[in-house]
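Per-entry structural report
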Amino acid sequence: MQPMTVKEIIAAVDGVWRNPWEGNPSVSQVCTDSRKITPGCLFLPWVGERFDGHDFIDAALEAGAMGCLCARVPDTLREGKFYIQVPDTRLALRALAAAYRNRFSIPVVQITGSVGKTTTKEMIASVLSAKLRVLKTPENFNNDIGTPLTLLGLGPEHEAAVIETGMNHFGEIEYLGEMVRPDIAVISNIGDAHIEFLGSRQGILQAKCEIFTHLKEGGLVVLNGDDPLLDTVSVNYPTVRCGRSEHCQARIAELADHGIEGVSCTVVTEKDRYELFISTPGDYLAYSASIAVAVAESLGLNHEEIVRGVADYVPAGSRMRVLRLPGGRVILDDCYNANPQSVAAALEVLARTDCDRKVAVLGDMGELGELTGRAHYNMGALAAMLGVDMVVAIGEKAAKIADGAAQSGSSVSYFRTREEALPELRQQIRAGTAMLIKASHAMHFERLTEQLSGDFYD
C-alpha cells in the first residue's frame, strides 16, 4: 500500500478526527485483526455477529498501530495516536479501498461465478503474468473484508489486477463492485451454490449479474458460453462467450483428458488458434483457460505469452491438488469447498484416474436449502455410476451420500465425524489407490489430507 495521510483517509471515509494535532501522519497498511498489527498501520475494528473489534482498539494501538477508524470512540484517547470517527467501519473500509483504487489506471478484472471462481482467477492471473506484473486476490479474500484489503495492496509495480468476488446474498457483488470498478467482468458459471439464500438459479443469475453495475464504460464482459442461464444475458458491453458451443468467440475446439497428468485443449478465437496444456487434472479447466485467453487477448498479450501463461498455471490451495504417495497411492486433494457441480466434476476426475482402486471421501455440502437431501443422494449415486470402488461419507448431511451410493451398488462406509472416519481411511488408502477428498470448507477435510499424507512422510 502506498502511504495515505490522515487527511486523505478522512476525505475518503468522510470521517472526523477526534483528537487532531498539528501534522499529517500517514499509514502504509490497514489491519482488521488486533492480533496481526504491523507497526505504523491503521487499525480498523470489524464488527461481527459475535464480536466487536472496538473492544480491541487499545490493544491494537499498544501493539504499534498509528491510529484507528472507529464508530464507537473510546472514552480515553491515547496521546500521539489518531482516532477517526465514522458511522460504520465496514462502509468506511469500502470507501477507503475505493478511494485508493482510484489512484491506479491499470486494467482490473473482476470475477464471480458459482463454481471455479478461484480457479479462473488463478488461470487469468497466470496468463497475464506472462507479460504484466499482476496483483491477484490471495487465498479466499473474496468478501467484504478481503476484497478491500486486496485493493489496498496495489502498488506502483502493478500493471494489472485480478479480483475474485464471492457472495451468498443479493447486493454483495454490487457492494464489492463499487470499490473494484472493473474494466473486465467475468462470470464463470451459474450453479446451485448459495441457492439456500437466493431461492433459485434464476436468483443466482440475478445476483451474479450485479457485476455489471460498476463495469467501466467501454468495458468487456466475458461469460461461459455453454452455461444456459448465462446465454440469456445481454448487456450493452462488448461480450465474449467462451466454451465448446459453436457460437462462442473463444471456442474450445479440441479437448483431451490425460488423467492426473493434466488436460490439453485448443482454443480458437477470431485472432488466433492456441494449443494449450494444463498440468492439473480436470477437463473443466479448459473453460478457465478459454476465459483467460479472451481476457489476455483484450489486454494485448501475444500468442507465446498466452500459451506460456496457461502452462504456468498452478492450482491454489486444496483445489484438485495431486499428492503422489509411495506405493502408487494418489490423493486428489479437492477439499477447499464443495457444491453439486464441483463434486460431480471431481468424481469424474477420480473415475478417469489410472489406479487399481478408486475411493471417494465425500462430506457435507452447505447452503443448498431444499436441494440438500436430493443433492447429497445424487452425489453418492453418481460415484457408484462412475465405477468408484468405495465411498466414505462423512457428516450429518452426508448420510444421504451413503444412501445414494449404497442403493446404486457401491461399497459404502458412513461416519459422523472426521475423527471416526480416519482409521477406515488409513485402511482404504492401500497401494494402488486413488482417493478423492471433497467437502465444503466448513468440514475442514484438509486435516484428513494432512493426516493421511503425513503417515507416509513423518
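Our subject is the structure listed above.
For clarity, every value in this text was computed on a predicted model and none was experimentally measured.

Ordered in space as S9-S10-S8-S11-S12-S13-S14-S15-S16, the 9 strands form an open sheet in which the pairing is mixed. Two strands bound the open sheet, and with one partner strand each, they are strand S9 (134-136) and strand S16 (273-278). Direction aside, the axes of adjacent strands within the sheet are offset by 15° on average. Taken together, the 2 bridges between strand S13 (residues 239-243) and strand S14 (residues 250-257) define a ladder with parallel strand orientation. Across the sheet, residue Gly243 finds its bridge partner in S14, namely Arg251.

Overall, the coordinates contain 25 salt bridges when judged by the stated rule. One salt bridge connects Glu122 with Lys136, and the closest N-O pair in it is separated by 2.6 Å. Here Glu122 is found in helix H4 (residues 117-128), whereas its partner Lys136 is found in strand S9, with 14 residues between them in sequence. The salt bridge involving Asp283 is made with Arg352; its shortest N-O contact spans 3.7 Å. Note that Asp283 is positioned in the loop between S16 and helix H9 (285-298) and Arg352 in the loop between helix H11 (340-351) and strand S19 (357-363), a separation of 69 residues in sequence.

Quick look at the pairing of strand S17 (residues 321-325) now. One ladder, built from 5 bridges, connects S17 with strand S18 (residues 329-333); its direction is antiparallel. Bridging across to S18, Arg324 finds its partner in Val330. Hairpin connection from S17 to S18: 3 residues lie between these consecutive antiparallel strands, with Gly327 at a positive phi of about 75°.

Bringing the side chain of Arg319 into the picture now. Checked against the element boundaries, Arg319 lands in the loop between helix H10 (303-311) and S17. Of the side chains bearing the opposite charge, Glu164 lies closest to the buried Arg319, which forms no salt bridge; the N-O distance is 5.5 Å. A polar contact is formed between the side chain of Arg319 and the backbone oxygen of Ala316, at a distance of 3.0 Å. Aside from chain neighbours lying at most four places away, what touches Arg319 is Thr118, Thr119, Asp333, Asp334 and Tyr336.

Pairing is mixed in the open sheet, where 5 strands are placed in the order S2-S7-S6-S5-S4. Bordering the open sheet on either side are strand S2 (16-17) and strand S4 (30-31), each of which pairs with just one other strand. Set on the sheet, helix H3 (residues 89-101) makes contact with S4, strand S5 (42-43) and strand S6 (67-70); between it and S6 the angle comes to about 120°.

Each value, and the rule that gives it
Residues numbered from 1 in each chain as written. Predicted model: local features only at pLDDT ≥ 70, side-chain atom pairs only at ≥ 80, totals over all residues. Heavy atoms only, no water. Pairing = 2+ DSSP bridges. Helix = DSSP H or I, 4+ residues; strand = E, 2+ residues; numbered from the N terminus. Axes fitted to C-alpha atoms, helices over the stretch in contact; angles between N-to-C directions. Salt bridge = Lys/Arg side-chain N within 4 Å of Asp/Glu carboxyl O. Buried < 20%, exposed > 50% of the residue type's maximum accessible area, 1.4 Å probe, protein only. Lys, Arg positive; Asp, Glu negative; His and termini not counted. Polar contact = N/O pair within 3.5 Å; in protein donor to acceptor, adjacent residues only side chain to side chain. Contact = heavy atoms within 4.5 Å.

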